[in-house]
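# Commentary on secondary and tertiary structure
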Amino acid sequence: RGAAPWLDSRLAQARYNMMHHRVDGTAELLRRLIEDRPAPAPSTLIHGDFTLDNTLVADGRITGVIDWAGGGAGDPRYDLALAIGAEPEAFRSRADLASFWRGYGDSSLSAAEQRYFLDLYEFF
């Protein structure tokens with residue numbers, strides 16, 4: 001029997017975290033996340049906590065990504081949502097955001113998906 005799909009395991013971990021740790025998420029938010037799941041996406045290698053705090057930059061270029069404890073096969077939309085939404089001050093203008101998407105090479109994250117995965121992050 002294989003491992004649970006990534007989002008199933010993340011939602012289970014969110015429930016556990018809410019019951020055993022201090023998190024920003026609420027029972028109502030978790031209920032909504034369980035009920036309003038986005039359509040599945042193919043798993044890829046993800047960082048699992050891809051925020052500015054885990055990105056090393058020198059001379060305006062990313063030189064490394066640290067803290068891979070949450071890395072593994074997962075939904076790439078989670079990393080994208082965190083990269084562009086967890087710290088919105090990183091993108092001071094539309095040009096900054098457009099530059100991110102040009103560098104990333106994909107713009108397949110809807111506003112609803114971004115909100116969903118940022119809400120999920122409230123439990124981690």
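All right, on to helix 2 (residues 27-35) then. Regarding helix 2, the residues found buried are Leu29, Leu30 and Leu33. One side of helix 2 carries all its buried residues, which in axial view fall inside an arc of 100°. Turned more than 90 degrees off the buried face of helix 2, the exposed positions are Ala27 and Glu35. Tucked into the core, helix 2 has its buried residues touching helix 1 (6-20) and helix 5 (111-121).

A few words now on the pattern of salt bridges. Counted by the stated rule, this structure contains seven salt bridges. Residues arginine 31 and glutamate 35 are paired through a salt bridge, measuring 2.4 Å at the closest nitrogen-oxygen approach. Linking arginine 31 with glutamate 35, this pair stays in helix 2, spanning four residues, or about one helical turn. Judged by its relative accessible area of 36%, arginine 31 is partly exposed. In this structure glutamate 35 comes out as exposed when scored by relative accessible area, which is 54%.

Direction vectors running N to C along helix 1 and helix 5 enclose 40°, while the axes themselves pass 10 Å from each other. Taken together, the axis directions place helix 1 and helix 5 in an arrangement best described as oblique. Of the residues in helix 5, those in contact with Trp6, Leu7, Arg10, Leu11 and Ala14 of helix 1 are Tyr116, Phe117 and Leu120.

This part covers the packing of aromatic side chains. Scanning all chains against the criterion turns up seven aromatic pairs. When the ring of tryptophan 6 is compared with that of phenylalanine 117, the centres are 6.5 Å apart and the planes differ by 40°; the resulting orientation is tilted. On the criterion of sequence distance, the pair formed by tryptophan 6 in helix 1 and phenylalanine 117 in helix 5 is long-range, its members being 111 residues apart. With respect to class, tryptophan 6 is no different from phenylalanine 117; both count as buried. When the ring of tyrosine 78 is compared with that of phenylalanine 117, the centres are 6.2 Å apart and the planes differ by 75°; the resulting orientation is edge-to-face.

Counting 23 residues, the largest nonpolar core has Trp6, Leu11, Leu33, Phe100, Phe117 and Leu120 as the members making the most contacts within it. The set of elements that each furnish at least two residues to this core consists of helix 1, helix 2, helix 3 (76-85), helix 4 (94-104) and helix 5. With sequence-adjacent residues up to four places away left out, leucine 33 is seen in contact with Leu11, Tyr116, Asp119, Leu120 and Phe123.

We now examine the packing of helix 1 against helix 2. Running from amino to carboxyl end, helix 1 crosses helix 2 at an angle of 170°, the nearest separation of the two axes being 11 Å. Taken together, the axes of helix 1 and helix 2 lie roughly antiparallel to each other. On helix 2, the residues touching Leu11, Ala14, Arg15 and Met18 of helix 1 are Ala27, Leu30, Leu33 and Ile34. In the contact of helix 1 with helix 2, the residues fall into seven nonpolar, no polar and one charged.

What follows covers the side chain of aspartate 79. Position of aspartate 79 relative to the elements: it lies in helix 3. Put simply, aspartate 79 is tucked away with no salt bridge, and the nearest opposite charge, on arginine 10, sits 9.8 Å away. At a separation of 2.9 Å, a polar atom in the side chain of aspartate 79 contacts the main-chain amide nitrogen of glycine 48. For aspartate 79, the contacting residues outside a window of four places in its chain are Ile46, His47, Gly48, Asp49 and Phe50.

Reading the values: the criteria
- Residues numbered from 1 in each chain as written.
- Predicted model: local features only at pLDDT ≥ 70, side-chain atom pairs only at ≥ 80, totals over all residues.
- Heavy atoms only, no water.
- Buried < 20%, exposed > 50% of the residue type's maximum accessible area, 1.4 Å probe, protein only.
- Helix = DSSP H or I, 4+ residues; strand = E, 2+ residues; numbered from the N terminus.
- Arc of directions from axis to C-beta.
- Contact = heavy atoms within 4.5 Å.
- Salt bridge = Lys/Arg side-chain N within 4 Å of Asp/Glu carboxyl O.
- Axes fitted to C-alpha atoms, helices over the stretch in contact; angles between N-to-C directions.
- Parallel < 35°, antiparallel > 145°, perpendicular 65-115°, else oblique.
- Phe/Tyr/Trp six-rings, centres within 6.5 Å; stacked < 30°, edge-to-face > 60°.
- Core = buried A, V, L, I, M, F, W, Y, C linked by side-chain atoms within 4.5 Å.
- Nonpolar A, V, L, I, M, F, W, Y, C, P; charged D, E, K, R; others polar.
- Lys, Arg positive; Asp, Glu negative; His and termini not counted.
- Polar contact = N/O pair within 3.5 Å; in protein donor to acceptor, adjacent residues only side chain to side chain.

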